[in-house]
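Inside the fold
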2 protein chains.
Amino acid sequence: MKFVIIGGDAAGMSAASRAKRRSPGMEVIVIEKTDDVSYSACGLPYNIADPEREIDDLIVRRPDEFRAKQKIDLYNGYEALEIDRNRKQVKGITSKGSEFSFSFDRLLIATGASAVKPDIEGIDSPGVFMLRNLEHGRAIKRHLAQNKVKKAVIIGMGYIALEMCEALYTHGIEVSMIKPGKTFLPWMDPELAGVVLAEVKKHDIRLYPGFKPERITDSGGILEVQAKDLILSGEIVIAATGVRPNSGLAKKAGLELGPNDAISVNKRLETSDPAIYAAGDCGDAYHVVTGKKVWIPLALRANRAGWAVADNVCGNFVELEGVCGTAVFKVFDLQVARTGLTAREASEAGFTPASVTVQTRSKAHAHPGSTPIYVHMVGDTKTGRLLGVQMVGKEGVAHRINAPACALHAGMTVKQYSQLDLAYAPPFSPVWDPTLVAANQLLKKL
Amino acid sequence: MKFVIIGGDAAGMSAASRAKRRSPGMEVIVIEKTDDVSYSACGLPYNIADPEREIDDLIVRRPDEFRAKQKIDLYNGYEALEIDRNRKQVKGITSKGSEFSFSFDRLLIATGASAVKPDIEGIDSPGVFMLRNLEHGRAIKRHLAQNKVKKAVIIGMGYIALEMCEALYTHGIEVSMIKPGKTFLPWMDPELAGVVLAEVKKHDIRLYPGFKPERITDSGGILEVQAKDLILSGEIVIAATGVRPNSGLAKKAGLELGPNDAISVNKRLETSDPAIYAAGDCGDAYHVVTGKKVWIPLALRANRAGWAVADNVCGNFVELEGVCGTAVFKVFDLQVARTGLTAREASEAGFTPASVTVQTRSKAHAHPGSTPIYVHMVGDTKTGRLLGVQMVGKEGVAHRINAPACALHAGMTVKQYSQLDLAYAPPFSPVWDPTLVAANQLLKKL
């Protein structure tokens, strides 16, 4: 059995390592375009925030370790360009310009996702960066080290944009953020989004929602981001306007694509060609609440899907149930988390949602140091089912979202959630956990 | 309808308030032995730790508020002594020595639990305290304020003993702890218990497990706790050796008792007499994992049961599913949490448990400030079901226990748990949540 993997990050290397553990005799070949494998891309903003740390700190395991210790045939600098499904071959070109081809019995496409390059004149100017892989991180750190960066412009206001905002703020840089849409965190309940917005503004970040960047010009190292009626300038520009799945290879090979043009896979992670799997940010998944396909590129799913592919390739068949879009990020002193559907997504999926937003606190009555926690909860008026939760607070949010996530997997009703025996101690929670308060309130609307 | 409630803390006042909200015309009478109602008993150790704060800060709502705003007939200083089930009357005596009696249509017994007074000679000496209600807290604070307390002896090493240990340590007091049993936190996985033990010892607390206190003597304000081959001395002694349900009234009235002599109730909180309910620390509950009765006196259940009784009395019938014993407490810089069954409890309940203990970390690879998190997970080898989780760590434990708690309510298998889409971001978690790492490891044993 010859198992070839295109892409050497989370999904690809998880699959390669697990296949070798399960079937040490199997020939496992990994083709990776860059020199990096197995790193924590999510850690990039935090690493960039700290001049003392090297980008290479984010590397979990180096190529040589995979080769020497795990006997994985790992080819760095190898870019796959074509999948020949009839001949079961992957063809491509090395960074040195040589052509290569590998035949496979089973193939895994784990090509990840790429940062979307916004369609703005001058986006390729020196000093304009995107953020997705270690090379991007290295380039940004080099730019910060070599230039006196006093002001920065970030295009985008999503979670990576906000993490980068904080990273640059940590350097003492004055940050402006701009995006075409008028609504800050449009997927979020307006009250919660307002809390996050206030936190950002408290740190003197200048926000310009509703302005579409049209041009970036460079005059002697000062970059100007120009929109109608607005010019923002700085010594660095970061474009963080979303990601898209790297599904070009799969599309060219005639494999089916799903939402957002991610590669369509079944619960076994098989593409429309059962000899070919896809895993990680390039592939889609089932949503456990709607039962429909979604594309939610997150790290845990990538690692889990890599393992599942290896298990299936090794004959130990497993299926992955799906995702519910649980995510958390940090915005200065705030933790911001979500799981499941927003009210709007719920409507679009055919539910008849009701929702509540409650403000409670992080500690018990009279316990010092308590801070507000905001919970937004969505349920279905027809079935009583819990559909989604959003949460914002200074503490106790990041892990608190996991109980609602579990409840979504279990298909619980809001009433069942309201009966959960959750943890309480004065330093950590009110007697009624904030999510229980929300559930009790939401029950009145269902 | 005349609704009489014996006991004015969490369960009793929750029931009274909710009954008045649901049925404003209902006559609601609360009989409370002490002068305090509706306070946070769990906050006592933290309040005692802080000389600047008054015990009364722990009062959530004062008697007069219940009387004036909620029109509840609240009688403080009224001790119930007898329930006449035939005549539907509660009889008792006031703090001033007068007899009283109230007739009822529905009665709620919400008498709570009491600290167990250990059978030690001299336990009633001045300077020896137990900790259960506000009066105990006031007495301890008064003693600390009026005496130069340099050394303290705590009898017991359970969670209240440990919270009091930290409270006294905060005052700069040298603390010794003693108990007859040889095992520190005997319900806990030994590896996790060892982590907690190390944390306690790091703060120079002197621990004497395996010594049975036999006598307490007082010579001029210096108390000596004497055991075989050991004498510990201090200006204060705290006895924290567990609690027992206040079920004497119910027993005397011929009501059925359950585990630990708690008052036996069904899911509607009805005792063996359907006109009489019990709620809070005096009553038992169903365990959602075993389906059997247990006595786990915790605040959330008390509040929830109070509400449920009010709903049932008001004709809006509800049933409570049960508890899974989710609990968390703080030991210096550690968070210690559990939910569900220990391996031993699982065996006793007829399961065939397997368990694992894993050490992971609180943040992502290479993220600064990461600390260890220890997870112990128990599953059933016959059914694959998740049975219980214990966790210890400096951060990210208190709320992380809630996802396993939710999974226990849902009756999930370890495999189902291992597929949960839990939150990840570098400052808050590794990609694989510590509980997922434990589940993946435990799966190998099931």
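In what follows, the accompanying structure is described. Just so it is clear, the structure is predicted and the values come from calculations on it, not from any experiment.

Attention shifts here to the packing of aromatic side chains. Applying the stated criterion across every chain yields a total of 18 aromatic pairs over all chains. Relative to tyrosine 78 of chain A, the ring of tyrosine 75 of chain A lies with its centre 5.0 Å away and its plane at 45°, an arrangement referred to as tilted. Overall, the relative accessible area of 22% leaves tyrosine 78 of chain A in the partly exposed class. On the basis of an interplanar angle of 25° and a centroid distance of 4.6 Å, the ring pair of tryptophan 307 of chain A and tryptophan 432 of chain B is categorised as stacked. With tryptophan 307 of chain A in helix α8 (residues 299-313) and tryptophan 432 of chain B in the loop between α11 (414-418) and α12 (434-443), this residue pair bridges two chains. Among the aromatic residues, those joined into a ring-pair cluster are Tyr75, Tyr78, Phe100 and Phe102 of chain A. Of note, lysine 267 of chain A hangs over the ring of tyrosine 286 of chain A, and the distance from its end group to the ring centre comes to 5.5 Å.

Moving on to the interface of chain B and chain A. The interface is formed by 59 residues belonging to chain B together with 59 residues belonging to chain A. Inspection of the region where chain B meets chain A yields 0 salt bridges. Summed over the shared surface of chain B and chain A, the number is 30 residue pairs in polar contact (both at pLDDT 80 or more). Of all elements in the fold, only α8 (299-313), β21 (327-331), α10 (402-409) and α12 of chain B reach the threshold of two or more residues within the side of chain B that touches chain A.

Next up on the list: empty space enclosed by the protein. Residue and element names in this part refer to chain A. A full pass over the atoms with the stated rule returns 8 cavities of 30 Å³ or more. Roughly 80 Å³ of volume is contained in the largest cavity. Every residue lining the largest cavity is counted, 17 residues in all, and those nearest its centre are Gly280, Gly283, Asp284, Ala285 and Arg301. Per-element accounting of the lining of the largest cavity gives the leading share, 3 residues, to α8. By residue class, the composition of the lining of the largest cavity is 12 nonpolar, 2 polar and 3 charged.

A word on the relation of the copies chain B and chain A. For these two chains of identical sequence, chain B goes onto chain A by a turn of 180° and a shift of 0.0 Å along the axis, with RMSD 0.0 Å. Look at the turn and shift together and you get a two-fold axis relating the two. Using C-alpha coordinates, one finds that chain B approaches the rotation axis most closely at alanine 403 of chain B, a distance of 2.0 Å. Looking at chain B, 100% of its interface residues are interface residues in chain A too, so the copies touch through the same face.

Looking now at the pattern of salt bridges. Here the structure, examined in full by the defined rule, presents 38 salt bridges over all chains. Across the salt bridge formed by glutamate 135 of chain A and arginine 138 of chain A, the nearest N and O atoms sit 2.8 Å from each other. Residue glutamate 135 of chain A and its partner arginine 138 of chain A are located together in helix α4 (residues 134-146), separated by 3 residues, close to a single helical turn. A salt bridge links arginine 338 of chain B to glutamate 345 of chain B; the shortest N-O distance between them is 3.0 Å. Residue classification places arginine 338 of chain B among the buried residues on the basis of a relative accessible area of 15%. Exposure remark for glutamate 345 of chain B: the relative accessible area of 30% places this residue in the partly exposed category. Because the salt bridges share partners, they merge into one network encompassing Asp36, Asp56, Glu135 and Arg138 of chain A.

Moving on, we get to the side chain of glutamine 419 of chain B. Within the secondary structure layout, glutamine 419 of chain B lies in the loop between α11 and α12. If we skip the residues at most four places from it in the chain, glutamine 419 of chain B touches Arg304, Glu319, Leu320, Glu321, Gly322 and His409 of chain A.

Think of an α-helix as turning once every 3.6 residues; residues three or four places apart then point the same way. Residue and element names in this part refer to chain A. Helix length check: helix α6 (residues 190-202), at 13 residues, gives a terminal C-alpha distance of 18 Å against a target of 18 Å (1.5 Å per residue), a fit within 8%. Residues of α6 that are buried include every one of Leu192, Ala193, Val195, Val196, Glu199 and Val200, and no others. The buried residues of α6 occupy one face: seen down the axis, they fall within an arc of 155°. Turned more than 90 degrees off the buried face of α6, the exposed positions are Pro190 and Lys202.

Now for the nonpolar core. If you look at the biggest cluster of nonpolar residues, it comprises 83 residues, and the most contacted ones within it are Met377, Leu386 and Tyr417 of chain A together with Met377, Leu386 and Tyr417 of chain B. Excluding its chain neighbours within four sequence positions, the residues that come into contact with tyrosine 417 of chain B are Met377, Leu386, Ala403, Pro404, Ala407, Met412, Leu422, Thr435, Leu436 and Ala439 of chain B.

On to unusual backbone geometry, then. Here the phi dihedral of lysine 88 of chain A falls at roughly 50°; this positive angle occurs in a residue that is not glycine. Phi angles above zero are rare outside glycine, and aspartate 261 of chain B is one such case at about 60°. In this fold, aspartate 261 of chain B is placed in the loop between α7 (248-252) and β18 (276-278). Judged by relative accessible area, aspartate 261 of chain B falls into the partly exposed class, the value being 44%.

Residue and element names in this part refer to chain B. With their axes 7 Å apart at the nearest point, helix α1 (residues 10-22) and α8 run at an angle of 35° to one another. When the axes of α1 and α8 are compared, the crossing they make is right-handed. Residues Ala10, Ala11, Ser14, Ala15, Arg18, Ala19, Arg21 and Arg22 of α1 touch α8, and the partners they reach there are Ala302, Asn303, Gly306, Trp307, Ala310 and Asp311. Partitioning the contact of α1 with α8 into residue classes produces 7 nonpolar, 3 polar and 4 charged.

So, how was this worked out
- All chains use their own residue numbering, which begins from 1 and follows the written sequence.
- By the order in which they are written, chains take letters starting at A while ligands take numbers starting at 1.
- Given that this is a predicted model, residues contribute local features only at a pLDDT of at least 70 and side-chain atom pairs are listed and counted only at 80 or more, while totals for whole chains, interfaces and linings are drawn from all residues.
- Hydrogens and water are ignored here; the side-chain numbers use all heavy atoms of the structure.
- Centres within 6.5 Å make a pair out of two Phe, Tyr or Trp rings, where for Trp the six-membered ring is used; the pair is then stacked when the planes are under 30 degrees apart, edge-to-face when over 60, and tilted otherwise.
- Burial status follows relative accessibility: with a 1.4 Å probe on protein chains alone, a residue under 20% of its type maximum counts as buried, one over 50% as exposed, and anything between as partly exposed.
- Here a helix means four or more residues in a row that DSSP labels H or I, a strand means two or more in a row labelled E, and each is numbered from the N terminus.
- Criterion for a charge above a ring: Arg CZ or Lys NZ at most 6 Å from the ring centre, at most 35 degrees from the ring normal.
- Any two residues whose heavy atoms approach within 4.5 Å at even a single point are treated as in contact.
- In the sections that follow, a salt bridge refers to a side-chain nitrogen of Lys or Arg positioned within 4 Å of a carboxyl oxygen of Asp or Glu.
- Any N or O atom pair separated by 3.5 Å or less is treated as a polar contact, with the protein-specific requirement of one donor-capable and one acceptor-capable atom, and with residues adjacent in sequence counted only for side-chain atom pairs.
- Cavities and pockets are defined on a 1 Å grid built over the protein atoms alone: a cavity is a set of grid points where a 1.4 Å probe fits but cannot escape, while a pocket is an open set with protein on both sides within 12 Å along at least five of seven lines, and lining residues are those with an atom within 4 Å of any such point.
- Grid points are joined across faces, edges and corners, and a volume is the space filled by probe spheres set on the points.
- Residue polarity follows a fixed list, in which Ala, Val, Leu, Ile, Met, Phe, Trp, Tyr, Cys and Pro are nonpolar, Asp, Glu, Lys and Arg are charged, and the others, Gly among them, are polar.
- For the least-squares superposition of copies, only C-alpha atoms count, and only for residues with pLDDT at least 70 in both.
- The length a helix should cover is 1.5 Å for every residue beyond the first.
- An arc is given here, and it is the one of the directions from the helix axis to the C-beta atoms.
- Take the buried Ala, Val, Leu, Ile, Met, Phe, Trp, Tyr and Cys residues and link them wherever side-chain atoms come within 4.5 Å; each set so joined is a nonpolar core.
- For helices, the fitted axis covers only the stretch in contact; all axes are lines through C-alpha atoms, and the angles between them, taken along N-to-C directions, range from 0 to 180 degrees.
- Left-handed is the label given to a crossing in which the near helix is rotated counterclockwise from the far helix by less than a right angle, and right-handed is the label when the rotation is clockwise.

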